[in-house]
Amino acid sequence: MADKPLYYGSSKSTPMYYGGNQPAYGGKSPMYYGASRAYGQYGAYGSYGSYGNYGGNGPQEDSGSIVGKVTIGRMLRVISQRWLSIFVFLLIGLIVSFAIYSISPQIYEATSEFIMDTRRASRPGIASSVDEAMPDFGNNYAEIFNTRLSSWRSAEILKKIVKKYKDKNQLKTTGGNAPSDDELFGILAESQMELQRNSRLITISVRSKDPDLAKDLAEAYVAAISEQAEEENKRRVEDKVREVHEQVLQKQRERTRISEELSEFRITNKVDVLHSRRDTLKQSIATTTASILELERRVTELEEWAKGLNEVQANPERFGVLDSGAPRAQEILTEFNAMQKAALELEGLRRIYTDEHDLVIGASGAADAAKQRFLSAIKRALDTGSTNLKTARKQLDSLCKSREEMQNELQGTEQHIVLAESGLGKLEGERTIQDSLYEELYKSEMKLREEAMKDNETIRPGREVVRPNRPVLPNPYMIFGIGVALSLALGVLFVLVLDNLEDTVVNLADIEGRLALKVLAVLPHVRRKRREHVAKFTVEDKYSQFSEAVAGLRNLLDSPRYEAMSHCLLVISTQPGEGKTITSSSIAISYAQAGKRVLHVDFDLRRPRLARIWGVELDKGRSFSHTLQQASSEIPDFGALVNKTSVENLDMIGSLPPDGVSPATIFGSSVVSDFFAWARAHYDRVIIDSPPYGVVGDVVSLATLVDGVLIMCCPDRTHFKPIQYCSRSLAEAGANILGVVVNDVEVSNASAFSPGRHHGSYGYGYGYGYGYGYGYGPHKRGKKGDGDNPAEDANASANPADPSAKSEPAPSPAVDTEELTDDD
């Protein structure tokens with residue numbers, strides 16, 4: 001980037017202030033400081049310009065690292081933006097991994113296993129001969145394995161392995177492709193033997209290009225080791241074990257005989273049947289006894305009820321409470337109530353009438369009839385109770401007789417059980433003795449066996465060896481895993497380096513984190529062509545997203561934190577096309593709509609725009625720049641420069657390009673300070689539209705005269721180093737930087753700063769009217785940079801340092817189909 005100008009075009013052209021041959025407002029357009037005088041030989045922010053390295057040392061987080069500060073958020077953003085580059089690295093890694101995998105020879109591995117036992121039985125209190133020979137080893141099988149390893153890998157065992165392989169695979173060892181002994185010894189020498197941790201399992205791994213050969217050699221290896229162990233265990237003491245074993249077999253036969261006699265005795269004497277019958281009788285007797293008790297209770301109740309009913313029958317007036325379980329209790333109660341009711345009615349009539357009265361006679365008859373019905377109910381209840389009592393007594397007698405019979409049968413059954421258990425106990429006692437003798441002899445046999453085998457070392461084969469179907473080398477998981485991991489790491493590193501070198505703002509984290517500047521507002525993209533329309537958009541639609549965003553910025557500046565710093569505001573940008581003029585106009589309109597007296601001043605003396613935006617015709621007598629240029633020792637009448645606008649409470653001071661004097665000279669005069677003093681005294685808010693900081697240096701002198709500075713930023717267009725240098729230079733000059741206003745953001749996207757979006761600022765092109773010559777020269781429609789083709793202008797200014805960058809079309813405007821004018 002050091003050999004090409006950043007904003008002016010190719011390095012062969014001289015940076016022009018106005019560009020072209022004719023200014024927009026007439027007169028000639030002088031060059032601004034010549035080719036290398038103002039900003040160095042290589043254009044604005046060049047390596048050797050008067051401003052030095054345009055990024056300075058930059059923030060501390062970016063210094064000394066080509067990849068910049070690595071954070072999770074930045075990595076996710078960069079990966080999501082440049083996933084295609086990472087994917088290319090991944091494809092390259094996969095291709096290289098596949099090439100390595102394809103040219104590598106295939107090696108198969110067969111694994112056999114066996115279990116090493118220093119003794120077959122591990123009984124407490126019996127020491128192994130291995131322990132006696134090597135007391136320091138104890139039961140540490142790792143040390144024992146290391147001791148045996150030398151013999152298991154000796155030349156003698158290898159010869160046995162080759163012999164067993166040839167004996168088992170005679171057809172494979174006679175052909176022309178049969179492996180030689182040297183090849184077999186070489187394969188076996190490279191085999192691996194390993195003791196599995198915390199076990200006695202030993203694995204043997206044999207590798208070969210032939211999977212069948214690897215399997216056969218692994219099997220032969222275990223067979224040879226097992227044979228060697230068996231040869232060492234030939235000395236057994238069979239005579240000691242044989243004599244005791246004969247005694248154990250004899251006792252086993254005696255136990256079998258007694259068990260058969262015991263079973264036959266049980267069947268003959270029906271011992272199990274007797275026990276079952278006894279239990280059944282006991283249960284039946286218990287049930288019968290419970291039934292007898294219940295019947296006895298029932299008989300007693302019936303007798304008591306009969307006695308009570310007889311008394312009531314003799315004297316009905318003595319009837320009291322009757323148990324609900326008594327025979328016909330409900331019927332008796334009903335008749336008793338009817339009798340009492342008839343008696344009460346009769347008694348009442350007798351109090352009123354004499355006994356000869358018809359009503360009294362009728363009631364007397366009814367009372368007698370009710371009494372008779374009551375007595376009849378008592379008699380029926382007595383008959384029912386008598387019948388129930390007889391039935392209960394018969395059932396009681398029957399149950400008592402049945403219980404007596406079962407008790408007699410139970411007594412006889414228990415006598416038979418006693419006799420049978422006597423003979424059964426004798427046989428069981430004899431079997432217990434035989435079992436005890438058998439156990440003693442069996443233990444003796446086991447002890448002798450242990451004594452005979454305690455010096456043995458056994459090798460037990462493990463699982464059957466399986467023919468390998470897949471090669472272990474080359475390992476695709478390892479090769480492709482390393483290839484993918486390495487390619488992804490290189491891809492991520494590449495995109496991080498590329499992102500750091502591209503130096504473009506894409507999201508809020510870049511501004512607030514990397515630039516350490518506060519974001520005050522985010523202004524949405526407005527699809528309009530003409531600058532005048534966009535500047536007055538807040539007047540046309542007060543409730544649009546753009547208007548709401550500007551109103552939010554105004555409210556923030558009016559807050560107690562910023563109120564003292566927002567009386568006089570300077571809106572700047574680091575390069576053309578970032579919406580500086582539109583934003584300053586929108587802020588001025590918003591303050592005016594809020595009832596503030598606002599003055600909008602055009603301090604962009606090289607490229608004044610406000611007169612055209614507000615539709616004001618200026619001459620040199622009312623031009624702000626000419627007034628400042630012609631000012632003498634007396635303070636000019638600034639009030640005569642004020643122009644009313646179509647917005648209530650909003651005044652504007654416009655400018656024309658000055659004649660024959662540099663704007664820098666005007667900015668350095670004391671009359672500028674006088675103007676600011678006058679503006680502060682006459683207006684509630686003063687909004688200054690300045691030239692881009694990245695093109696000229698007039699902003700520094702203006703920034704020290706205002707209360708606060710707002711820096712414009714466009715996603716995917718604003719570069720880090722210019723804005724870093726701008727903020728640092730202004731801060732060193734004593735300016736009060738309030739923060740950043742992010743402009744031209746597509747609010748339709750889920751993310752406020754969506755990477756890869758390249759549209760012109762508010763739809764009127766990235767060139768912002770400045771172009772590479774930063775001048776007023778005549779524009780030809782359709783050429784890049786002239787503003788008539790927003791799509792080409794957007795791509796031309798998106799990366800002005802790279803003329804080889806491909807152009808991408810900008811989105812079509814949604815409204816206003818008028819053609820762009822030369823100044824757009």
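How each quantity is defined
- Residues numbered from 1 in each chain as written.
- Predicted model: local features only at pLDDT ≥ 70, side-chain atom pairs only at ≥ 80, totals over all residues.
- Heavy atoms only, no water.
- Helix = DSSP H or I, 4+ residues; strand = E, 2+ residues; numbered from the N terminus.
- Buried < 20%, exposed > 50% of the residue type's maximum accessible area, 1.4 Å probe, protein only.
- Contact = heavy atoms within 4.5 Å.
- pLDDT = per-residue confidence, 0-100.
- Pairing = 2+ DSSP bridges.
- Axes fitted to C-alpha atoms, helices over the stretch in contact; angles between N-to-C directions.
- Patch = residues over 30% accessible without salt bridge, like charges linked within 9 Å, V, L, I, M, F, W, Y side chains within 5 Å.
- Areas by Shrake-Rupley, 256 points an atom, 1.4 Å probe, with all protein chains shown as cover.
- Salt bridge = Lys/Arg side-chain N within 4 Å of Asp/Glu carboxyl O.
- Expected span 1.5 Å × (residues − 1).
- Phe/Tyr/Trp six-rings, centres within 6.5 Å; stacked < 30°, edge-to-face > 60°.
- Core = buried A, V, L, I, M, F, W, Y, C linked by side-chain atoms within 4.5 Å.
- Parallel < 35°, antiparallel > 145°, perpendicular 65-115°, else oblique.
- Left-handed = near helix turned anticlockwise from the far one by under 90°.
- Nonpolar A, V, L, I, M, F, W, Y, C, P; charged D, E, K, R; others polar.
- Polar contact = N/O pair within 3.5 Å; in protein donor to acceptor, adjacent residues only side chain to side chain.

**Some details on the overall build of the protein**
- Scanning the protein for helices and strands turns up 24 helices and 12 strands.
- Buried positions account for 44% of the 824 residues belonging to the protein.
- For the protein, the share of sequence-separated contacts (at least 6 apart) that also reach a separation of at least 24 residues comes to 79%.

**A word on the confidence of the model for the protein**
- In this model, the protein carries a mean pLDDT of 76, and residues with pLDDT of at least 70 account for 77%.
- Taken together, the stretch residues 749-824 has pLDDT below 50 and engages in 220 contacts with residues farther than four places along the chain or on a different chain.

**Some thoughts on the sheet that holds strand E1 (residues 108-117)**
- The strand order E2-E3-E1-E4 describes an open sheet built from 4 strands, whose pairing is antiparallel. In the strand order of this sheet, the two ends are held by strand E2 (192-195) and strand E4 (458-461), each with one partner. Neighbour-to-neighbour, the strand axes of this sheet turn through a mean angle of 30°, independent of strand direction.
- Docked against the sheet, helix H7 (residues 211-232) engages E1, E2, strand E3 (201-208) and E4, running at close to 15° with respect to E1.

**A word on the side chain of Ser 97**
- Secondary-structure assignment places Ser 97 in helix H2 (residues 83-103).
- Leave out the neighbours within four places in its chain, and Ser 97 touches Ile 479, Phe 480 and Gly 483.

**So, a nonpolar patch on the surface**
- Side chains of Trp 83, Leu 84, Phe 87, Val 88, Leu 91, Ile 92, Leu 94, Ile 95, Val 96 and Ile 100 sit close together on the surface and give an oily, nonpolar patch of about 920 Å² of accessible area.
- Structurally, Ile 92 can be placed in helix H2.

**Examining helix H8 (residues 238-268)**
- In this model H8 runs 45 Å from its N-terminal to its C-terminal C-alpha over 31 residues, within 8% of the 45 Å that 1.5 Å per residue would give.
- Of the positions making up H8, those classed as buried are Val 241, Val 244, Val 248, Ile 258 and Leu 262.
- Buried-residue contacts for H8 involve helix H11 (358-453).
- Phi for Lys 270, located one or two positions after H8, is positive at around 50°.

**So, helix H17 (residues 580-593)**
- Its 14 residues place the ends of H17 20 Å apart at the C-alpha level, agreeing with the 20 Å of an ideal helix rising 1.5 Å per residue.
- Where burial is concerned, most of H17 is hidden: 13 out of the 14 residues are buried.
- One or two steps after H17, the chain reaches Gly 595, where phi turns positive at roughly 95°.

**Section: the packing of aromatic side chains**
- A full pass over the atoms with the stated rule returns 16 aromatic pairs.
- Both rings, one in Phe 89 and one in Phe 494, keep their centres 5.3 Å apart while their planes meet at 40°; by these two values the pair is tilted. Remark: Phe 494 occurs in helix H12 (residues 476-502) and Phe 89 occurs in helix H2; sequence separation between them is 405 residues.
- On the basis of relative accessibility, which here comes to 24%, the residue Phe 89 falls in the partly exposed class.
- Since its relative accessible area comes to 36%, Phe 494 is described here as partly exposed.
- Ring centres of Tyr 101 and Phe 480 lie 5.9 Å apart, and the angle between their planes is 55°; on these two criteria the pair is classed as tilted. In this pair, Tyr 101 sits in helix H2 while Phe 480 sits in helix H12, placing the two residues 379 residues apart along the sequence.

**Points about the nonpolar core**
- Core analysis: the biggest nonpolar cluster contains 46 residues, and Phe 603 and Phe 675 have the highest contact counts within it.
- Beyond its immediate sequence surroundings of up to four residues, Phe 603 is in contact with Phe 624, Leu 628, Phe 667, Val 672, Phe 675, Phe 676, Ile 688, Asp 689, Ser 690, Pro 691 and Leu 702.
- In this structure, Leu 523, Leu 557, Tyr 591 and Leu 738 belong to the second largest nonpolar core, which totals 37 residues.

**Examining the packing of helix H10 (residues 329-352) against H11**
- Where H10 contacts H11, the axes come no closer than 8 Å and their chain directions differ by 160°. Considering their axes alone, H10 and H11 lie roughly antiparallel with respect to each other. With respect to the hand of their crossing, H10 and H11 are arranged in left-handed fashion.
- Of the residues in the contact of H10 with H11, the class split is 18 nonpolar, 1 polar and 6 charged.

**Things to note about the sheet that holds strand E8 (residues 643-644)**
- The 8 strands are arranged E5-E12-E11-E6-E10-E7-E9-E8 in an open sheet whose pairing can be described as mixed. Sheet topology places strand E5 (519-524) and E8 at the edges, where each strand pairs with a single neighbour.
- In this structure, E8 lies alongside strand E9 (residues 650-653), joined through 2 bridges in antiparallel fashion. Pairing of Asn 643 across the sheet is with Met 652, part of E9.

**A look at the pairing of E1**
- With 7 of 10 residues buried, E1 lies mostly within the body of the structure.
- Of the pairings in the sheet, the one linking E1 to E3 comprises 8 bridges and is antiparallel in character. Residue Ser 112 lies in a different strand from E3, and its bridge partner there is Ile 204.
- As paired elements, E1 and E4 share 4 bridges and run antiparallel to each other. Counterpart to Ile 115 in the pairing with E4 is Arg 460.

**Topic: unusual backbone geometry**
- Between Leu 473 and the following residue, Pro 474, the backbone shows a cis peptide bond with an omega angle of -5°.
- Position of Pro 474 among the secondary structure elements: in the loop between E4 and H12.
- Even without being a glycine, Asn 198 presents a positive backbone phi close to 55°.
- Its place among the elements puts Asn 198 in the loop between E2 and E3.
- In this structure Asn 198 comes out as exposed when scored by relative accessible area, which is 78%.

**Re the pattern of salt bridges**
- Scanning the entire structure with this criterion turns up 25 salt bridges.
- Its salt-bridge partner being Arg 680, residue Asp 707 comes within 2.7 Å of it at the nearest N-O pair. One end of the pair, Asp 707, is in the loop between helix H22 (698-703) and strand E11 (708-713); the other, Arg 680, is in helix H21 (residues 671-682), and 27 residues separate them in sequence.
- In the salt-bridge network here, residues are joined through shared partners; they are Glu 254, Arg 257, Glu 261 and Glu 430.

**So, the packing of helix H16 (residues 545-558) against H17**
- Two numbers describe how H16 lies on H17: the axes approach to 9 Å, and their chain directions differ by 70°. Relative to H17, the element H16 is oriented roughly perpendicular. Taking contact as the criterion, the partners of Phe 546, Val 550, Ala 551, Leu 553, Arg 554, Leu 557 and Asp 558 in H16 are, on H17, Ser 586, Ile 587, Ser 590 and Tyr 591.

**What to know about the side chain of Glu 113**
- For Glu 113, the position within the fold is in strand E1.
- On the basis of relative accessible area, Glu 113 is assigned to the buried category, the value being 12%.
- Separated by 3.1 Å, the side chain of Glu 113 and the backbone nitrogen of Arg 463 make a polar contact.
- Setting aside anything within four residues of it in sequence, one finds Glu 113 in contact with Leu 201, Ile 202, Thr 203, Val 222, Pro 461, Gly 462 and Arg 463.

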